[in-house]
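So you can see what is in the structure, the chains are spelled out below.
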Amino acid sequence: MRQKADITKTEQMILNLLWDGHETKEIAHRLRICQAVVHEHKQNLRRKWGCRNNVQLVRRGLERRYLTIGG
């Protein structure tokens, strides 16, 4: 079984909100953090997973089973 890369709880929440189609501003509002912090977490995920954009992050989240379709 392939192991998941370690991601933080906040990164997981941001990934789920990206999956739901939310933009950085809305994610920040929902998590009660500033937009710069959301951006930093997304950058950390991109670096960890070798992604260039949010679409790739969501795709990688699906591949690594952090996200599920219909779940």
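Thresholds, definitions, all that
- Residues numbered from 1 in each chain as written.
- Predicted model: local features only at pLDDT ≥ 70, side-chain atom pairs only at ≥ 80, totals over all residues.
- Heavy atoms only, no water.
- Salt bridge = Lys/Arg side-chain N within 4 Å of Asp/Glu carboxyl O.
- Helix = DSSP H or I, 4+ residues; strand = E, 2+ residues; numbered from the N terminus.
- Buried < 20%, exposed > 50% of the residue type's maximum accessible area, 1.4 Å probe, protein only.
- Contact = heavy atoms within 4.5 Å.
- Lys, Arg positive; Asp, Glu negative; His and termini not counted.
- Core = buried A, V, L, I, M, F, W, Y, C linked by side-chain atoms within 4.5 Å.

1. Notes on the pattern of salt bridges
Turning to step 1, where the next piece is worked out: One pass over the full model with this rule turns up four salt bridges.
Turning to step 2, where the next piece is worked out: Between Arg30 and Glu26 there is a salt bridge, with its nearest N and O atoms 2.8 Å apart. Highlighted residues: Arg30 and Glu26, both in helix 2 (residues 24-31), separated by four residues, approximately one helical turn.
Turning to step 3, where the next piece is worked out: Overall, Arg30 belongs to the partly exposed group, its relative accessible area being 46%.
Turning to step 4, where the next piece is worked out: Beyond isolated ion pairs, a larger network of salt bridges with shared partners links Arg59, Arg60 and Glu63.

2. Digging into the side chain of His41
Turning to step 1, where the next piece is worked out: Summarising the element assignment, His41 is placed in helix 3 (residues 35-49).
Turning to step 2, where the next piece is worked out: For His41, a relative accessible area of 18% puts it in the buried group.
Turning to step 3, where the next piece is worked out: Non-local contacts of His41, meaning those with residues more than four positions away in its chain, are made with Thr8, Thr10, Glu11 and Ile14.

3. Re the side chain of Lys42
Turning to step 1, where the next piece is worked out: Position of Lys42 relative to the elements: it lies in helix 3.
Turning to step 2, where the next piece is worked out: One buried charged residue, Lys42, forms no salt bridge at all, with the nearest opposite charge on Glu23 at 6.3 Å.
Turning to step 3, where the next piece is worked out: Once residues within four sequence positions are removed from consideration, Lys42 is found in contact with Ile14, Leu18, Thr24, Asn54 and Leu57.

4. Focus: the nonpolar core
Turning to step 1, where the next piece is worked out: By size, the foremost hydrophobic cluster in this structure holds 15 residues, and its most contacted members are Ile7, Leu15, Leu18, Ile27, Trp49 and Leu57.
Turning to step 2, where the next piece is worked out: Elements supplying a minimum of two residues to this core: helix 1 (9-19), helix 2, helix 3 and helix 4 (54-63).
Turning to step 3, where the next piece is worked out: By residue number, the principal contributor to this core is helix 1, which donates four residues.
Turning to step 4, where the next piece is worked out: Sequence-distant contacts of Ile27, that is, excluding residues within four places in its chain, are made with Ile14, Leu17, Leu18, His22 and Val38.

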